[in-house]
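Topology and contacts: notes
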Amino acid sequence: MNSFDYKNHALYAEDVSVSAIVESFGTPAYIYSKQAITSAFNAYFNAARENDLICYAVKANANIAVLNLLAKLGAGFDIVSVGELERVIAAGGDPAKVVFSGVAKKSSEIARALEVGIHCFNVESEAELERIQHVAEKHDVKAPISLRVNPDVDAKTHPYISTGLKENKFGIHIDQVLDVYAKAQAMPNLVIKGIDCHIGSQIIDPTPFIDALKRLLPVIEQLKDMGIALSHIDLGGGIGVQYDDETPPDVGAYIQKVTSVIEPLGLGLILEPGRSIVANAGILVTEVEYLKDNGEKHFAIVDAAMNDLLRPALYQSWMRIEEVEKKAGSAKDYDIVGPVCETGDFLGKHRSLVIESGDLLSVFSAGAYGFGMASNYNSRPKACEILVDGDQMHEIRRRESFSDLIAHEILLTE
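Residues numbered from 1 in each chain as written. Predicted model: local features only at pLDDT ≥ 70, side-chain atom pairs only at ≥ 80, totals over all residues. Heavy atoms only, no water.

**Examining the overall build of the protein chain**
Our working definition: We count a stretch as a helix when DSSP gives it H or I for four or more residues in a row; a strand needs E for two or more, and each element gets its number in order from the N terminus. Taken over C-alpha atoms, the radius of gyration is set against a globule rule of 2.2 Å times the number of residues to the power 0.38. The cut-offs for exposure are 20% and 50% of the maximum accessible area for each residue type, with area from a 1.4 Å probe on protein chains only; residues under the lower value are buried, those over the upper are exposed, and the others partly exposed. Here a residue-residue contact requires only that any non-hydrogen atoms of the pair lie within 4.5 Å. Reported accessibility uses the Shrake-Rupley method at a 1.4 Å probe radius. Residues are deemed covered only where the shown protein chains occlude them. Residues scored as positive are Lys and Arg, those scored as negative are Asp and Glu, and His as well as the terminal groups of each chain are ignored. Note on charges: their place is set at NZ of Lys, CZ of Arg, CG of Asp or CD of Glu.
Helix and strand counts for the protein chain come out as twelve helices and 21 strands. For a compact globule of 414 residues, the expected C-alpha radius of gyration is about 22 Å, and the protein chain comes in at 23 Å, within 12% of that figure. When its C-alpha atoms are laid out on the principal axes, the protein chain stretches across 70 × 65 × 40 Å. Looking at the protein chain as a whole, 53% of its 414 residues are labelled buried. When contacts within the protein chain are restricted to residue pairs at least 6 apart in sequence, long-range pairs at least 24 apart make up 69% of them. A total of about 18400 Å² of accessible surface is found on the protein chain, and carbon and sulfur atoms cover 49% of it. The protein chain carries 38 positive and 58 negative side-chain charges, and their two centres are separated by 2 Å.

And the structure:
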């Protein structure tokens, strides 16, 4: 059974009706399924070998209840800021299973990561390498590092989430990486652990991953000749997910294909899935405030906006939107738009729906890069987050209040 499914024309999250959740917590509301998160993570974890590491990408959904669930399942974590590191620690995650990615690590962030003993830094530039050496020397410790290689592979994904082309800001170009490894080898406070490659997000075809992996193999052999023996290869993000009619590959088959390539090298594998763990484990529920007809278009004006869910406005992403309660009637073609004062404030366009004011709509596949990208634009409080476990619902983030919005602002007085 799907974690979000219809029973007698009513949408359920596991064994709890979505309408009942809204009655308790209101809208807009993010609702996550524990069952779906667990199943998606275990697809990676069970296919991996004993010494491989599945590092959940915290940026996809950083709620500490979600991180705690994943930590209990055995997850490592991929972070891109010290804030994400502190979230992992607060959620009970093991710092020794943390890889630290990102192009702009501050000295203070590096120092904190060294203090708690992370697994590895994924180094994005020669300048960053020098900074890590400086911080590690200052604290008289050894810093575990991996160099992120930019293989110049086109992942055929949205340009905003493509990360493996020469024109992208990420990583060290493959033609330069051997020189940077040589410099790392000469730095006394660095320990070279691996090689890293991340070519993008929402990749449905595994071919670009395998292509990138094969481009790394000659580099690994040349590193051996230089006396640099690696312990792992980090292939970056997981596979894409189904939002519409995409057909993602089987996770187990994908991992088996990767491990068959690296097995002869004796290297461990690190993967950093995020979207594929949580995207389809979450929905955003919103209420229809008004229906509007300008003579040519029908609008459903809802109480969720681009500040709650940015993906449609930012990436023009298509996300499935359906009625929470299905009912008979003549469907109309609606643009689903929010209250924010921007023409770009929409959740979906041209959706065939049978709705009226007061009805609830569900935006599916909203568990990744949903709440995590939310803002307070237009002074709108952020939505609540609810985790469903069987027939139980748990509030894992309360809805923000106006007091929360201004908590860090200071009114000047004469």
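**Observations concerning the pairing of strand 19 (residues 360-363)**
To be explicit about the condition: In this scheme, strands are said to pair when DSSP sees at least two bridges between them.
With burial as the criterion, each face of strand 19 is covered, one bearing Leu360 and Ser362 and the other bearing Leu361 and Val363. With four bridges joining them, strand 14 (residues 282-293) and strand 19 adopt antiparallel strand pairing. Following the sheet pairing, glutamate 287 is matched in strand 19 by leucine 360. Of the strand pairs in this sheet, strand 16 (residues 321-323) and strand 19 are connected by three bridges, and their pairing is antiparallel. Paired with glutamate 322 across the bridge in strand 19 is serine 362.

**Some details on the pattern of salt bridges**
Where we set the bar: Any carboxyl oxygen of Asp or Glu within 4 Å of a side-chain nitrogen of Lys or Arg constitutes a salt bridge here.
Under the criterion given, the structure shown has 21 salt bridges. For lysine 7, the salt bridge goes to aspartate 15, with nearest N and O atoms at 3.7 Å. Since its relative accessible area comes to 30%, lysine 7 is described here as partly exposed. Aspartate 52 serves as the salt-bridge partner of arginine 49, at 2.9 Å between the closest nitrogen and oxygen.

**A look at the side chain of aspartate 78**
Tracing the chain through its elements places aspartate 78 in strand 6 (residues 76-79). Judged by its relative accessible area of 3%, aspartate 78 falls in the buried class. Excluding its chain neighbours within four sequence positions, the residues that come into contact with aspartate 78 are Cys55, Tyr56, Ala57, Val58, Lys59, Glu84, Val99, Ser101 and Glu272.

**Details of the nonpolar core**
Definition in use: The term nonpolar core refers to a set of buried residues drawn from Ala, Val, Leu, Ile, Met, Phe, Trp, Tyr and Cys, joined through side-chain atoms within 4.5 Å.
Core analysis: the biggest nonpolar cluster contains 99 residues, and Ile37, Phe121 and Ile145 have the highest contact counts within it. Looking at which element gives the most residues to this core, the answer is helix 8 (residues 207-225), with eight residues. Once you skip the residues sitting within four places of it in the chain, isoleucine 145 turns out to touch Cys120, Phe121, Val123, Leu129, Ile132, Ala184, Leu190, Val191, Ile192, Lys193 and Gly194. Counting residues in hydrophobic clusters, the runner-up holds 17 residues, among them Phe4, Leu11, Val18 and Ala29.

**Side note on the layout of surface pockets**
For clarity, the cut-off: Any residue with an atom within 4 Å of a point lines the site, the site being either a cavity, points on a 1 Å grid over the protein atoms alone where a 1.4 Å probe fits but cannot get out, or a pocket, an open set with protein on both sides within 12 Å along at least 5 of 7 lines. Grid points are joined across faces, edges and corners, and a volume is the space filled by probe spheres set on the points.
Of the pockets and cavities examined, the largest pocket occupies roughly 820 Å³. Forming the boundary of the largest pocket are 32 residues, of which Asn2, Ala36, Gln242, Asn280 and Ala281 lie nearest the centre. Secondary-structure elements contributing two or more residues to the lining of the largest pocket are strand 1 (4-7), helix 2 (34-45), helix 10 (275-278) and strand 14. Per-element tally for the lining of the largest pocket: the top contributor is helix 2, with six residues.

**Some thoughts on helix 6 (residues 126-138)**
Using the following cut-off: Multiply 1.5 Å by the residue count of a helix minus one, and that product is the helix's expected span.
When the terminal C-alpha atoms of helix 6 are compared, their 19 Å separation across 13 residues agrees well with the 18 Å that a helix rising 1.5 Å per residue should span. Glu128, Leu129, Ile132, Gln133, Val135 and Ala136 are the residues of helix 6 that are buried. Its buried side turned inward, helix 6 meets helix 5 (107-116), strand 8 (120-123), strand 9 (143-150), helix 7 (177-185) and strand 11 (190-196). Where helix 6 terminates, the next one or two residues include aspartate 140, which has phi positive at roughly 55°.

**Re the sheet that holds strand 1**
Taken in spatial order, the three strands line up as 1-2-3 in an open sheet, and their pairing is antiparallel. Of all strands in the sheet, those with a lone pairing partner are strand 1 and strand 3 (16-17), marking the two edges. In this sheet, strand 3 lies alongside strand 2 (residues 10-13) in antiparallel orientation, the contact comprising two bridges. By the bridge assignment for strand 3, alanine 13 is matched with valine 16.

**Some details on the packing of aromatic side chains**
Defined as follows: Working definition: rings of Phe, Tyr and Trp (its six-membered ring) pair if their centres are within 6.5 Å, and the pair is stacked with planes under 30 degrees apart, edge-to-face with planes over 60 apart, and tilted otherwise. Should the NZ of a Lys or the CZ of an Arg lie within 6 Å of a ring centre and within 35 degrees of the ring normal, that charge is described as sitting over the ring.
Within this structure, the stated rule accounts for six aromatic pairs. Where tyrosine 30 meets tyrosine 32, the ring centres are 6.3 Å apart and the plane angle is 25°; that geometry is what we call stacked. Across the pair, tyrosine 32 and tyrosine 30 agree in class, each one buried. Pairwise contacts between aromatic rings join Tyr30, Tyr32 and Phe371 into one cluster. Geometry around tyrosine 12 places lysine 7 over its ring, the cationic atom sitting 4.5 Å from the centre. Sitting over the ring of phenylalanine 364, arginine 320 keeps its end group 3.8 Å from the ring centre.

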